[in-house]
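# Coordinate analysis (summary)
Chain by chain, the residues run as shown.
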Amino acid sequence: MIRFRGRQRDEAAITRDLVEALANLDATVPVGVEYVGLAKGGGAVRGTVEVPDRQAYAAALVACARVLGTDGGRVSVYLTGVLPDGAVIEPADLGLFVRPNGPQILAGLA
């Protein structure tokens with residue numbers, strides 16, 4: 001569990017909030033997105049989003065970071081984007097670390 005928006009949240013609740021935030025973005029389809037907690041705190045977001053372009057992928061990363069809130073610094077984001085032509089895009093393609101955390105995403109993209 002992590003403290004999520006000021007209260008304790010379990011993995012399933014965080015996963016639901018992540019998927020909902022991503023699904024609410026225009027032309028973005030979350031595929032297998034989930035939050036996995038670690039025993040010592042923090043965790044990882046992993047999965048794929050089908051997006052129309054790089055800007056939509058950047059918006060998906062920012063949405064994840066915002067959902068994670070103040071604990072986002074303890075969560076690595078392993079979210080891969082897939083473009084309509086099948087090309088794969090990752091955070092490093094946008095100038096971020098290979099597996100950024102929430103604050104790194106917000107500092108680099110928001």
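All values reported here derive from a predicted model rather than from experimental measurement.

From N to C terminus, the protein chain includes 3 helices and 6 strands. For the protein chain, the N- to C-terminal ordering of α and β elements is β-β-α-β-β-α-β-β-α. Since a compact globule built from 110 residues should have a radius of gyration of about 13 Å, the 13 Å found for the protein chain is in line with a globular shape. By its C-alpha atoms, the protein chain is 40 × 25 × 20 Å across when sized along the principal axes. When burial is assessed residue by residue, the protein chain has 42% of its 110 residues classed as buried. In the protein chain, the proportion of contacts linking residues at least 24 apart, taken out of those at least 6 apart, comes to 53%. When the accessible surface of the protein chain is summed, it comes to about 5,600 Å², and 52% of that surface belongs to carbon and sulfur atoms.

All right, on to the sheet that holds strand β4 (residues 43-50) then. Spatial ordering of the open sheet is given by β3-β4-β5-β6, a layout of 4 strands whose pairing is mixed. The sheet is open, and its two borders are formed by β3 (29-37) and β6 (88-89), each paired with just one other strand. In this structure, β4 lies alongside strand β5 (residues 75-82), joined through 8 bridges in parallel fashion. Residue pairing for β5: Thr-48 is matched across the bridge by Thr-80. Contacting β4, β5 and β6, helix α2 (residues 54-68) runs over the sheet at an angle of about 155° to β5.

Before going further, it helps to examine the confidence of the model for the protein chain. Keep in mind that low pLDDT regions are not for reading the predicted coordinates in detail. Scored by pLDDT, the protein chain comes out at a mean of 92, with 94% of its residues at no less than 70. When the elements of the protein chain are averaged for pLDDT, strand β1 (residues 2-4) gives the smallest value, 51, and β6 the largest, 98.

In this section: the pairing of β4. A regular strand carries its side chains on alternate faces of the sheet. Judged from the 7 bridges that link them, β3 and β4 form a sheet pairing that is antiparallel. Among the inter-strand pairings, Val-29 is bridged to a residue of β4, identified as Glu-50. Counting the residues in the hairpin turn of β3 and β4 gives 5 residues, including Gly-41, whose phi is positive at 100°. With α2 bridging β4 and the parallel β5, this β-α-β connection has right-handed handedness.

The rules behind these values
All chains use their own residue numbering, which begins from 1 and follows the written sequence. Where local features are concerned, this predicted model is filtered to residues with pLDDT of at least 70; where side-chain atom pairs are given and counted, the filter is 80 or more; whole-chain, interface and lining totals use all residues. Computation of side-chain values covers all heavy atoms of the structure but excludes hydrogens and water. In this description a helix means any DSSP run of H or I spanning at least four residues, a strand means any run of E spanning at least two, and both kinds are numbered starting from the N terminus. Only C-alpha atoms enter the radius of gyration; for comparison, a globular chain is expected to reach 2.2 Å times N to the power 0.38, where N is the number of residues. Here the term buried applies to any residue with accessible area under 20% of the maximum for its type, exposed to any over 50%, and partly exposed to those in between, with areas from a 1.4 Å probe on protein chains only. The criterion used for residue contact is that any of the two residues' heavy atoms lie within 4.5 Å. Areas reported as accessible are Shrake-Rupley estimates using a 1.4 Å probe. Residue values count occlusion only from the protein chains shown. Here, any two strands with at least 2 DSSP bridges between them count as paired. Axis definition: a line fitted to C-alpha atoms, over the contacting stretch in the case of helices. Angles run 0 to 180 degrees between N-to-C directions. Every residue is assigned a pLDDT by the predictor, reflecting its confidence on a scale from 0 to 100. Seen with its strands pointing away from the viewer, a crossover is right-handed when the path leading from the first strand over the helix to the second is clockwise.

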